[in-house]
Amino acid sequence: MCQLMGMNCNTPTDILFSFEGFHRRGGQTDHHADGWGIAFFENKGCRIFLDDKPSVESPVAHLVRNYPIKSENVIAHIRKATQGEVNLANTHPFMREMWGRYWIFAHNGNLENFQPEAGCHYNPVGGTDSERAFCHLMERLRAKWCQQPQLDELFAEVARLAAEISSHGVFNFMLSNGEVLFAHCSTHLHYIIRQAPFNTAHLVDDDVSVDFASVTTPHDRVAVIATQPLTDNESWTPLVPGELLLFRDGSPLSQHLPG
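Where an unreviewed UniProt entry is consulted, the protein appears under the name Class II glutamine amidotransferase, with the organism given as Chromobacterium fluminis.

## With respect to the state of the cysteines
Each disulfide consists of one covalent bond between the sulfur atoms belonging to two cysteines. Following the criterion strictly, the structure yields 0 disulfides and no others. Cys120 takes part in no disulfide bond, and the closest cysteine sulfur to it belongs to Cys146, at a distance of 13 Å.

## Examining the sheet that holds strand 14 (residues 244-248)
Sheet strands line up and pair through hydrogen bonds in the backbone, either parallel or antiparallel. Spatially, 6 strands are ordered 5-6-7-8-14-15 in an open sheet, and the strand pairing comes out antiparallel. Looking at which strands have only one partner, the edges of the open sheet turn out to be strand 5 (94-98) and strand 15 (251-256). Mean inter-strand twist for the sheet, computed between neighbouring axes without regard to direction, equals 20 degrees. When strand 7 (residues 172-176) meets strand 8 (residues 181-184), the two strands line up antiparallel, connected through 4 bridges. In the strand pairing of strand 8, Leu175 is matched with Phe182. Packing against the sheet, helix 3 (residues 129-144) makes contact with strand 5, strand 6 (101-108) and strand 7, and its axis sits at approximately 10 degrees to strand 5. Relative to strand 14, helix 4 (residues 151-166) is tilted by about 145 degrees, and along the sheet it contacts strand 6, strand 7, strand 8, strand 14 and strand 15.

## Considering the side chain of Ser18
Inspection of the secondary structure assignment puts Ser18 in helix 1 (residues 16-22). Among the residues examined, Ser18 registers a relative accessible area of 6% and is labelled buried. Not counting residues up to four positions away in its chain, the partners in contact with Ser18 are Met5, Arg194, Val224 and Leu230.

## Describing the packing of aromatic side chains
Any two aromatic rings considered together are summarised by their centre-to-centre distance and by the angle between their planes. Following the criterion strictly, the structure yields 11 aromatic pairs and no others. Note on Phe105 and Phe134: the rings are 4.9 Å apart at their centroids and 5 degrees apart in plane angle, and the pair reads as stacked. Residue Phe105 is located in strand 6, and its partner Phe134 is located in helix 3; the two are separated by 29 residues in the primary sequence. Using a relative accessible area of 0% as the deciding quantity, one classes Phe105 as buried. For Phe134, a relative accessible area of 0% corresponds to the buried category. Here the aromatic rings of Phe171 and Phe173 are separated by 4.6 Å at their centres, their planes lie at 45 degrees, and the arrangement is tilted. Residue class for Phe171 comes out buried when judged on its relative accessible area of 0%.

Reading the values: rules and limits
- Residues numbered from 1 in each chain as written.
- Predicted model: local features only at pLDDT ≥ 70, side-chain atom pairs only at ≥ 80, totals over all residues.
- Heavy atoms only, no water.
- Disulfide = S-S within 2.5 Å.
- Pairing = 2+ DSSP bridges.
- Helix = DSSP H or I, 4+ residues; strand = E, 2+ residues; numbered from the N terminus.
- Axes fitted to C-alpha atoms, helices over the stretch in contact; angles between N-to-C directions.
- Contact = heavy atoms within 4.5 Å.
- Buried < 20%, exposed > 50% of the residue type's maximum accessible area, 1.4 Å probe, protein only.
- Phe/Tyr/Trp six-rings, centres within 6.5 Å; stacked < 30°, edge-to-face > 60°.

What follows is the structure in structure tokens.
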């Protein structure tokens, strides 16, 4: 299975500390070595970096580690291929436009016998179940609304579609339009909210610590979401299978539980 990481904040923040540990899971501290990618929103714009090489040895990952891009919403993915060849077209995150904004999506899991009909607006470029799921999700949302609906309506529909797609297998995913970030759990997903009073955090995958009190303001609030916790001295909250969370300004705003 792949590895996911996301960040949602109330002020533009760099993800260098979390990425320092996360990128090592792509071939060093874990066996996910079939490509990786990361997307940063900057207002309505989006920077996306993709490489089909393992993240631990990728020159693109080296660039990102030394480039303190500040963003309010970030999605990163390290791939362990289950469907589709190892190539750039099959590398997450995927990006599409809808309602005048870019949407970014990354998936961890495996969807079996999932072959939705071709869409009018969104179709996959590569050969993964992940991109098929993203295009299907986008197609259904765009068919339902010509313009972006109220957030509670959108959340309810994403929850319904996530449950529908999850019937085909494991569907851990993150989805963002640069304003909010959706996180859905089928098996493993955890999050932490960092806010004042800030403490020192230590990475699981590398012997690196940071004192967040020295690099933040008392008003900063940052949510970090990952397949498995990135630090070993903080309390991460696990999502339950079937749970969907919506993050905005560094806090979980809406929650949908299974059942």
